[in-house]
Amino acid sequence: MTGAEAEEPLAEARAAGIHLMAVPTPFLVGRVNCYLIEDDPLTLIDTGPNSGKSLDELERALAELGHRIEDLGLIVITHQHMDHLGLLEIIARRSGAEVAALDVLGPYLQDFSASATADDEFSMTVMRRHGVPGELASALQMVGGAFRAFGSSGRVTMPLSQGTEITLRDRTLTVLHRPGHSPSDTVFWDERRRILIAGDHLLSRISSNPLISRPLAGPPAGATAADRPHALVQYMASLRQTRELPAHLVFGGHGPPVTDHAALIDERFRMSARRAGKIHRLLAGEPKTAYDIASQMWGNVAVTQAFLTISEVLGHLDLLIADGRATEDDSGPVTIFQAVDA
Ligand SMILES: [Zn+2]
């Protein structure tokens, strides 16, 4: 969708009291979409990252709409990534607003820094087991640590779960848990208007990375087939559920709105099938680690974005294994994958 084509859905959203405010981030993804819902209480969906520039731009966008941070009565968080929640502590303190987020995010956000450290340790375990050189994994962990200040702790005062309804004066938003991009992905469904506010669950311009993330509840996970979170498998199950919604407009966490979510989801499925096929061919004749595959597919990006590319490869290997097209050998210190019927 071009900028001009995005105008119509955005105008429709404004008529429904929903305003897109794109806030800058220091991340590769570019701006993050926060949404103001003019209702009672005045509601902010996602805050943007913890930086002075983001706060300035958010305040300016609010002012253009005739509001101040102090007017907010409810802050809703779509998921655990810092580009979406980094200003939470500051905005919650200044406004005194309620903070609504998926129940498992409560403990996670109590001490964001400790949660992020545990996430980094889990990423290290995954990268090491799947062939990322030790020095590279350590270097990437340091880079990740430097970005942590863009996140925020916060106190969730309104814990949400699947099916919870958030009732505002003019609308009801049904809470739907859609894990995959992250374990805490939450989308908000306005059934009457057929509008979905989707965070990073479904994005118009880019596919949502199914990052292999440390589970927020349940037993601790590892990196082998037996105990690894199957993020892509889970993400596709979540997308299938979203495809069934009779949504008219989907507002994501980055980029313009989605006007035909079923077609976009079908395209995501086709891309995934193509990628799985490519990985299957790369495995032909020669067993490989996930890092070998990532390097062959993405070259230097597999170095600079090792965790992201390893997550992509493992996700598609999980699909191949589920289809009986690949096998996994976890017996050595590094996991080796092999094609079946290559
Ligand atoms: Zn995200």
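Look above for the structure.
Below or above, wherever it landed, is the structure these notes cover. Just so it is clear, the structure is predicted and the values come from calculations on it, not from any experiment.

**A word on helix α8 (residues 231-243)**
Then step 1. When the terminal C-alpha atoms of α8 are compared, their 18 Å separation across 13 residues agrees well with the 18 Å that a helix rising 1.5 Å per residue should span.
Then step 2. All of the buried residues along α8 are Ala231, Leu232, Tyr235, Met236, Ser238, Leu239 and Thr242. What you see down the axis of α8 is that its buried residues fit within an arc of 160°, all on one side.
Then step 3. The inward-facing, buried residues of α8 abut β10 (195-199), α9 (261-282) and α12 (306-322).

**Digging into the sheet that holds strand β7 (residues 165-167)**
Then step 1. Taken in spatial order, the five strands of this open sheet run β7-β8-β9-β10-β11, and their pairing is mixed. Only two strands of the sheet have a single partner each, and these edge strands are β7 and β11 (249-252). Going across the sheet, the axis of each strand differs from the next one's by a mean of 25°, ignoring polarity.
Then step 2. With four bridges joining them, strand β8 (residues 172-177) and strand β9 (residues 186-190) adopt antiparallel strand pairing. Within β9, the residue paired with threonine 174 across the bridge is tryptophan 189.

**Considerations on the coordination of the zinc ion**
Then step 1. The protein atoms that coordinate the zinc ion are His79 (NE2), His81 (ND1), His181 (NE2) and Asp200 (OD), at distances of 2.2 to 2.3 Å.
Then step 2. Counting gaps between the donor residues of the zinc ion yields the pattern H-x1-H-x99-H-x18-D. Here histidine 79 is found in the loop between β4 (74-76) and α3 (82-85), whereas its partner histidine 181 is found in the loop between β8 and β9, with 102 residues between them in sequence. Pair check on accessibility: histidine 79 and histidine 181 agree, each one buried.

**A look at the layout of surface pockets**
Then step 1. Its volume calculated, the largest pocket comes out at about 1700 Å³.
Then step 2. Surrounding the largest pocket, 46 residues form its lining, Asn209, Leu211, Gln305, Phe307 and Leu308 being those nearest its centre.
Then step 3. At the level of elements, α3, α6 (112-129), α7 (134-147), α11 (301-304) and α12 are the ones that each hand at least two residues to the lining of the largest pocket.
Then step 4. When the residues that make up the lining of the largest pocket are grouped by side-chain class, the tally is 24 nonpolar, 14 polar and eight charged.
Then step 5. Of the volumes computed, that of the second largest pocket is approximately 250 Å³.
Then step 6. Lining of the second largest pocket is provided by 18 residues; of these, Pro179, Pro183, Pro215, Leu216 and Gln234 occupy positions nearest its centre.
Then step 7. Its residues assigned to classes, the lining of the second largest pocket comprises ten nonpolar, seven polar and one charged.

**Some points on the side chain of serine 182**
Then step 1. The residue serine 182 is located in the loop between β8 and β9 in this model.
Then step 2. If we skip the residues at most four places from it in the chain, serine 182 touches His79, Gln80, His81 and Ser213.

**With respect to the packing of aromatic side chains**
Both the distance between ring centres and the angle between the ring planes are used here to describe each pair of aromatic rings.
Then step 1. In the structure shown here, the tally under the stated rule is five aromatic pairs.
Then step 2. With a centroid separation of 5.4 Å and 40° between ring planes, the pair formed by phenylalanine 27 and phenylalanine 147 is classed as tilted. One end of the pair, phenylalanine 27, is in the loop between β1 (18-23) and β2 (32-37); the other, phenylalanine 147, is in helix α7, and 120 residues separate them in sequence.
Then step 3. For phenylalanine 27, a relative accessible area of 21% puts it in the partly exposed group.
Then step 4. Ring geometry for tyrosine 108 against phenylalanine 112: centres 6.2 Å apart, planes inclined by 80°, an arrangement best described as edge-to-face.

**Details of the pairing of β11**
Then step 1. Going residue by residue along β11, you find Leu249 and Phe251 tucked away on one face and Val250 and Gly252 tucked away on the opposite face as well.
Then step 2. Two strands pair when backbone bridges link them, and β10 and β11 are joined in this way by four bridges, in the parallel orientation. Bridge pairing in β11 places glycine 199 opposite glycine 252.
Then step 3. Taking the sense of rotation as the criterion, the β-α-β connection linking β10, α8 and β11 turns out right-handed.

What counts, and where the lines are drawn
- Residues numbered from 1 in each chain as written.
- Predicted model: local features only at pLDDT ≥ 70, side-chain atom pairs only at ≥ 80, totals over all residues.
- Heavy atoms only, no water.
- Helix = DSSP H or I, 4+ residues; strand = E, 2+ residues; numbered from the N terminus.
- Expected span 1.5 Å × (residues − 1).
- Buried < 20%, exposed > 50% of the residue type's maximum accessible area, 1.4 Å probe, protein only.
- Arc of directions from axis to C-beta.
- Contact = heavy atoms within 4.5 Å.
- Pairing = 2+ DSSP bridges.
- Axes fitted to C-alpha atoms, helices over the stretch in contact; angles between N-to-C directions.
- Donors = N, O, S within 2.8 Å, 3.2 Å for Na, K, Ca; no water.
- 1 Å grid on protein atoms, 1.4 Å probe; cavity = no way out; pocket = protein on both sides within 12 Å on 5 of 7 lines; lining within 4 Å.
- Points joined across faces, edges and corners; volume = space filled by probe spheres on them.
- Nonpolar A, V, L, I, M, F, W, Y, C, P; charged D, E, K, R; others polar.
- Phe/Tyr/Trp six-rings, centres within 6.5 Å; stacked < 30°, edge-to-face > 60°.
- Right-handed = clockwise from strand over helix to strand, strands pointing away.

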